[in-house]
Amino acid sequence: MPLTPNVLEGSLLLGNVRVAIVVSRFNDLVTDRLLSGAIDTFRRHGLSDDRITVVRVPGSFEIPLPAKRLADSGQFAAVVCLGAVIQGETSHHEYINHPMASAIMQSSLSSGVPVTFGVLTCQSMDQALDRAGGKAGNKGIEASVAAIEMINLLAIMKSQGL
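All chains use their own residue numbering, which begins from 1 and follows the written sequence. In keeping with the predicted nature of the model, local features appear solely for residues at pLDDT of at least 70, side-chain atom pairs appear and are counted solely at 80 or more, and the whole-chain, interface and lining totals rest on all residues. Water and hydrogen atoms were dropped before computing side-chain values, which therefore reflect all heavy atoms in the structure.

Side note on the overall build of the chain
Applicable threshold: Numbering of helices and strands runs from the N terminus; a helix is a DSSP stretch of H or I covering at least four residues, while a strand is a stretch of E covering at least two. Each radius of gyration is computed over the set of C-alpha atoms, and the globule rule expresses the reference value as 2.2 Å times the number of residues to the power 0.38. Exposure classes here rest on a 1.4 Å probe applied to the protein chains alone. A residue is buried below 20% of its type maximum, exposed above 50%, and partly exposed in between. We call two residues contacting when some pair of their heavy atoms lies within 4.5 Å.
When its secondary structure is counted, the chain shows 5 helices and 6 strands. The order of α-helices and β-strands along the chain, N terminus first, is β-α-β-α-β-α-β-α-β-β-α. Taken over C-alpha atoms, the radius of gyration comes to 16 Å for the chain, in line with the 15 Å a tight globule of 162 residues would show. Structurally, the chain occupies a C-alpha span of about 60 × 40 × 30 Å along its principal axes. A total of 162 residues make up the chain; the buried ones form 41% of that total. Restricting the contact set of the chain to residue pairs at least 6 apart, pairs at least 24 apart contribute 78%.

Listed below in structure tokens is the structure:
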């Protein structure tokens, strides 16, 4: 008789939790679309607007600090990070992308709260728009769905003493 593994996986239903979204104002043509997708996703999965906190920051480089504070506060089940860094003509994007992504991941690891990555790192505005509700979907939706699944997975793990 084959063994059946014990699979832990979070559902996509939300209880009475609070979530935060940190979103960059820079490239708002893109980030406003990411934000709309994220908020709509949380609403569709059962959260009312009073359970969603949106924090706006100047640019993507500024996302990690408020994301960490929100995650560390104990008030939010997850933090979603949204931004758009578009390559442009210089290497400026390289100085933003790597440290920002690392700091966002570190916020999640140090707090134990899911801090999801919905920051676009694209070569052009067209690529960014495609990923903010265009033909490549909406990464704001994807980051929110990941947050919902992680909230539930961590609850399952906690209930099993993990």
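Next comes the rest of the account.
Focus on the environment of Leu-129
Relative to the elements of secondary structure, Leu-129 occurs in helix H4 (residues 125-130). It is 9.7 Å that separates the C-alpha atoms of Leu-129 and Ala-84, two residues lying 45 residues apart in sequence. Excluding anything up to four places from it in sequence, Leu-129 contacts Leu-29, Val-30, Arg-33 and Gly-134.

Some thoughts on the environment of Asp-40
For Asp-40, the location among the structural elements is in helix H1 (residues 28-44). Judged by its relative accessible area of 30%, Asp-40 is partly exposed. Remark: the alpha-carbon pair of Asp-40 and Gly-140, spanning 100 residues in sequence, is separated by 9.5 Å.

With respect to the side chain of Ser-107
Residue placement: Ser-107 occurs in helix H3 (residues 92-111). On the basis of relative accessible area, Ser-107 is assigned to the buried category, the value being 2%. Those residues in contact with Ser-107, other than ones at most four positions away along the chain, are Pro-64, Lys-68, Ala-71 and Val-115.

Overview of the packing of H1 against helix H5 (residues 139-159)
So the rule is basically this: Helix axes are fitted to C-alpha atoms over the stretch in contact, other axes to C-alpha atoms as well, and angles between N-to-C directions run from 0 to 180 degrees. We call a crossing left-handed when the near helix sits turned anticlockwise from the far one by less than a right angle, and right-handed when that turn is clockwise. Here the nonpolar group is Ala, Val, Leu, Ile, Met, Phe, Trp, Tyr, Cys and Pro; Asp, Glu, Lys and Arg are the charged ones; every other residue, Gly included, is treated as polar.
Relative to each other, H1 and H5 sit at 35 degrees, their axes nearing to 7 Å. Considering only the axes of H1 and H5, their crossing is right-handed. Counted together, Leu-34, Gly-37, Ala-38, Thr-41 and Phe-42 of H1 and Lys-139, Gly-140, Ile-141, Ser-144, Val-145, Ala-147 and Ile-148 of H5 form the full contact between these two elements. Here the residues of the contact of H1 with H5 sort into 7 nonpolar, 4 polar and 1 charged.

As for the side chain of Asn-152
What counts, and what does not: Pairing of N or O atoms within 3.5 Å defines a polar contact, subject to two protein rules: one partner must be a possible hydrogen donor and the other a possible acceptor, and residues neighboring in sequence count only if both atoms are side-chain atoms.
Relative to the assigned elements, Asn-152 resides in helix H5. Overall, Asn-152 belongs to the buried group, its relative accessible area being 15%. Polar side-chain contacts of Asn-152 include one of 3.1 Å to the backbone oxygen of Ile-148. Ignoring sequence-local partners within four residues, the contact set of Asn-152 consists of Gly-10, Ser-11, Leu-12 and Leu-13.

Section: the sheet that holds strand S2 (residues 52-57)
Adjacent strands of a sheet form backbone hydrogen bonds with each other and so pair up, either parallel or antiparallel. The condition is simple: Think of it this way: DSSP has to see at least two bridges between two strands before they count as a pair.
If you trace the 4 strands from one edge of the open sheet to the other, you get S2-S1-S3-S4, paired in parallel fashion. Where the open sheet ends on each side, the last strands, each with one partner, are S2 and strand S4 (115-122). Sheet twist, expressed as the average angle between the axes of neighbouring strands with direction ignored, equals 15 degrees. As judged from the 6 bridges shared by strand S1 (residues 19-24) and S2, these two strands associate in the parallel manner. Bridging from a neighbouring strand, Val-22 pairs with Val-55 of S2.

Digging into the pairing of S1
With 6 of its 6 residues buried, S1 lies for the most part within the structure. Neither face of S1 is left uncovered, since the one carrying Val-19, Ile-21 and Val-23 and the one carrying Ala-20, Val-22 and Ser-24 both have all their residues buried. Where S1 and strand S3 (residues 78-86) come together, 5 bridges link them in parallel fashion. Bridge pairing in S3 places Val-23 opposite Leu-82.

Regarding H1
In an α-helix, one turn spans 3.6 residues; hence positions three or four apart end up facing the same way. For the record, the criterion: The span expected for a helix works out to 1.5 Å for each residue beyond the first.
Its 17 residues give H1 an end-to-end C-alpha distance of 23 Å, which sits within 8% of 24 Å, the value for a rise of 1.5 Å per residue. Every buried residue of H1 is listed here: Val-30, Thr-31, Leu-34, Leu-35, Gly-37, Ala-38, Ile-39, Thr-41 and Phe-42. Phi for Gly-46, located one or two positions after H1, is positive at around 105 degrees.

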